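# Coordinate inspection notes
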Amino acid sequence: MKLKSLFLVLFVLVSSRNIQVVYGQSTGRIVTGFDTGWKFYQGDAEAAHETGFDDKTWRMLDLPHDWSVEGTVSEKAPTGGSGGYLPAGIGWYRKHFSVRKSDMKMNNYIIFDGVYMNSDVWLNGKHLGNYPFGYNTFYYNLNPFLKAGDNIIAVKVDNSKQPNSRWYSGSGIYRNVWLLRTNPLHIAQWGVYITTPVITENSATVAVNVRIENPLTSADKVTLVSSVIDEKGGSSGMVESPVQVQSGKEQTISQEILVPSPKLWSVDTPVLYSLVTQIMVDGKPVDEVKTPFGIRSIRYDVDKGFFLNGLNIKMNGVCLHHDAGCLGAAVPVKVWERRLQVLKEMGCNAIRTSHNPVAPEFLDLCDKMGFLVMDEIFDEWKRGKVKYGYNIYFDQWAEKDVVSFIHRDRNHPSVVMWSAGNEIREQPVEGGEKVLQRMLDLFHAEDPTRPVTVGCDNIAADDNPARIEFLNLLDIVGYNYVDRWHERRELFFSIDRHNHPDWKMVGTESVSNGGLRGDYNFGRDTARFNPNYNTRMIRAEQLWKFVAVNPYVIGDFMWTGIDYLGEAFWPTKSASSGVIDLCGFPKDGYYFYQSQWTKEPMLHIFPHWNWEGREGRVIPVLAYTNCDAVELFVNGKSYGEKRLEFPRQGNSGSWNRYEFPQKSATTADLHMAWDVPYEPGIVKAVGKKDGKVVCTEVIETTGKPSAIRLIADSKQIKADNQDVAHVRVEIIDSKGNVVPTADNLIQYRITGSGRLIGLDNGNPTDHEPYKSDKRKVFNGLGLAIVQAGKTPGKITLTASSEGLEVLTVEIMVTGGD
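Remember, predicted model here, so these are calculated numbers, not experimental data. (Residues numbered from 1 in each chain as written. Predicted model: local features only at pLDDT ≥ 70, side-chain atom pairs only at ≥ 80, totals over all residues. Heavy atoms only, no water.)

A few words now on the sheet that holds strand β8 (residues 138-141). Spatially, β1-β10-β5-β8 is the arrangement adopted by the four strands of the open sheet, whose pairing is antiparallel. Only two strands of the sheet have a single neighbouring strand rather than two, namely β1 (30-33) and β8. Averaged over all pairs of adjacent strands, the angle between their axes in this sheet comes to 20 degrees, without regard to strand direction. Sheet topology note: the strand β5 (residues 107-112)/strand β10 (residues 177-182) ladder contains six bridges and is antiparallel. Within β10, the residue paired with Ile110 across the bridge is Leu179. (Pairing = 2+ DSSP bridges. Helix = DSSP H or I, 4+ residues; strand = E, 2+ residues; numbered from the N terminus. Axes fitted to C-alpha atoms, helices over the stretch in contact; angles between N-to-C directions.)

On inspection of all chains with the given rule, the structure shows zero disulfides. Free of any disulfide, Cys348 has its nearest cysteine sulfur in Cys366, 9.0 Å distant. Cys348 gets classed as buried once you look at its relative accessible area, which sits at 2%. (Disulfide = S-S within 2.5 Å. Buried < 20%, exposed > 50% of the residue type's maximum accessible area, 1.4 Å probe, protein only.)

A separate point is the packing of helix α1 (residues 333-346) against helix α9 (residues 588-597). Relative placement of two packed helices is described by the angle separating their axes and the distance separating the axes. The geometry of α1 relative to α9 is characterised by a closest axis approach of 8 Å and an angle of 55 degrees between their N-to-C directions. Taken as axis vectors, α1 and α9 run oblique relative to one another. Contact with α1, carried on its side by Val342, Glu345 and Met346, involves Tyr590, Tyr593, Gln594 and Trp597 of α9 and no other residues of that element. Across the contact of α1 with α9, the residue classes break down as five nonpolar, one polar and one charged. (Parallel < 35°, antiparallel > 145°, perpendicular 65-115°, else oblique. Contact = heavy atoms within 4.5 Å. Nonpolar A, V, L, I, M, F, W, Y, C, P; charged D, E, K, R; others polar.)

One pass over the structure, following the stated rule, counts 40 salt bridges. Among the salt bridges present, the one from Lys663 reaches Asp690, with a minimum N-O distance of 3.2 Å. Note that Lys663 is positioned in the loop between β34 (637-643) and β35 (672-677) and Asp690 in the loop between β36 (682-689) and β37 (692-700), a separation of 27 residues in sequence. Salt bridges sharing partners connect three or more residues here, namely Arg166, Asp379, Lys385 and Glu567. (Salt bridge = Lys/Arg side-chain N within 4 Å of Asp/Glu carboxyl O.)

Turning our attention to the packing of aromatic side chains. One pass over the structure, following the stated rule, counts 42 aromatic pairs. Taking 5.0 Å as the distance between ring centres and 50 degrees as the angle between the ring planes, the aromatic pair formed by Tyr593 and Trp597 counts as tilted. In this pair, Tyr593 and Trp597 are both assigned in helix α9, four residues apart and thus about one turn of the helix distant. No difference in accessibility class separates Tyr593 from Trp597, as the two residues are buried. In this structure, Lys400 is placed above the aromatic ring of Trp397, and the distance from its NZ or CZ to the ring centre is 5.6 Å. (Phe/Tyr/Trp six-rings, centres within 6.5 Å; stacked < 30°, edge-to-face > 60°. Lys NZ or Arg CZ within 6 Å of the ring centre and 35° of its normal.)

Spatial relationships are all this shows, so hold off on functional conclusions.
Here it is as structure tokens:
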């Protein structure tokens, strides 16, 4: 399927902000960052698209930019709880730029990776187009109205119609912007499509489809050259194809390259190759595109689940929204890199991009770090969920948006499954399957190599259950909260496995082990025993036990990996379902998944041990571990050894014989628990495997706050607006222990070659503006995010709090690549 309008095509060529120029003048293709020197006005401005408009008083800024997160949390905000009670409205952006006369001979495009939402773009007062969808990348051809010398581009962003989202969306040009120049004869936008249909130990076939556009009046005889480059920069194969490109037309050329002894992309070894595609005229390159890709095979089996390169893998998945707490939707790539690394250390190997297209650089990171991605596009189709949601644009835009989305993302090896929608309201409606079929046809036509699912929340619902005609169409049936209805709380997928043995099944969204970080609420009455933390894991544990031992279940994506703004109820501004908080700090539930998804010995005990006023009263102490046994000590006194075994082993060889030593489990849960009368002091847990001590964990009663500790994850960052340092802020006692109940107000000051772009603490009820220079810590911890300036130098961040010693941390800013 071909797009009919240049204005609607999506394009991703470069997604790393560090790359300013991909290829030089020798090939004619130049991609430059177009993020600096924009002017911004929050509100509507009459005639702001006109060239003569006076924007001298507008605020100067660099993109990406989200104005909503700069605002104040208010219960009266039109976004409501869905938008985190933050403002929306209308905003204008203008940029003055210069074009050389020689550039007028080129094709010139402006590329927006994401604008939320309903944007209009003008060049020199002439309207280029309107694009409603707030998550896709889109571009415009500038040539019709471009001129040599000074030019002005204006962008109006209209996020005033509320509500239009069920979660925080952000407002503005919140992703990167690029300027692309090519020769008239060039490779089309997203014109390179790579698959690896045949892989053996000795070789891999790399199949390439290349679309070439020739707007010239004459036909050109060209040679299309495609070369595979390995991770060290060496050649791994090349093919040349002579082509005659008709004038004024687009042509697709197919090629195959045989790569010897291929290194496969996997979650553990995410090896990436690059395909360099060149158009040669008279032996000279006139266009060149470099496309990263991975050599890997995927297969889904109705009985055994998912296979990557022939290896059966369970998807240990999380759902993620696109915001990053105090940064809103304008998230530097370094922030996502840190967050994904924390997830990787938990044992997560799969991500569902709920519920719309993510930034291109997010998928680049998934490629490089080895994550499997369920790539999702819509939260609604024709039948809406909110008054001004995507449903009002669906009929006009859905096909174009789906095709663009697929073309943008289909070369990513991390993407192993498409999701056409989440909790779509067409599920139970007669005729809903026709809309689904329309979506499936698009996905299958543009990428026949990956299956398509939908996150279905109406399967087995008492009210408006999903129609069988809808579910039978899906390549993979996606279950949102498989255990929601009646006996499915215990039987999960097994009922449909019996009734529909031909269905492939995946848990697209499931309950997690979230809650507030460090929250162990017993209530105000010290005489009452009603803790909130010793039961919240049960539902997640039972689900995982089923998923883990039933191979036909492809995997499970729990809701959510990380907390997110919106979908909240006053006075909270954010959802706390994640196992990682808005700062990126793990909660207790994080360690449950780590205990199930990793092999390296680990042990985590909770709660903290600061319970003044509860002396002598029982405190449940819990542990997550992948050890066989854990013994708990309080002030040196043993409270006994607890043991677990999952999955339990049956007889092997003959009756009452076992392949491995018996563990004599004391629980069938996936956690251990002790009831301990509280006394201040030291709690120590000792973890064992096969009788040997392999890890220990200690918590102790802390003293009063005495100091601030600042820990930067990087002491050196580059002069690039995508490079940041995360500074962990801790309130510690005289022994250096974090005080788990501390809520001190911290005042921050930054000097030098950088700026403070956000403060957070993970507390959903803290209404201090995110761009303030002060914020309380929450349960002992806080976060400051420092962004590099444009010039090398030194950044000094100072933190102070009443009664505590003033502390500083220094971060060096170096030149770019």
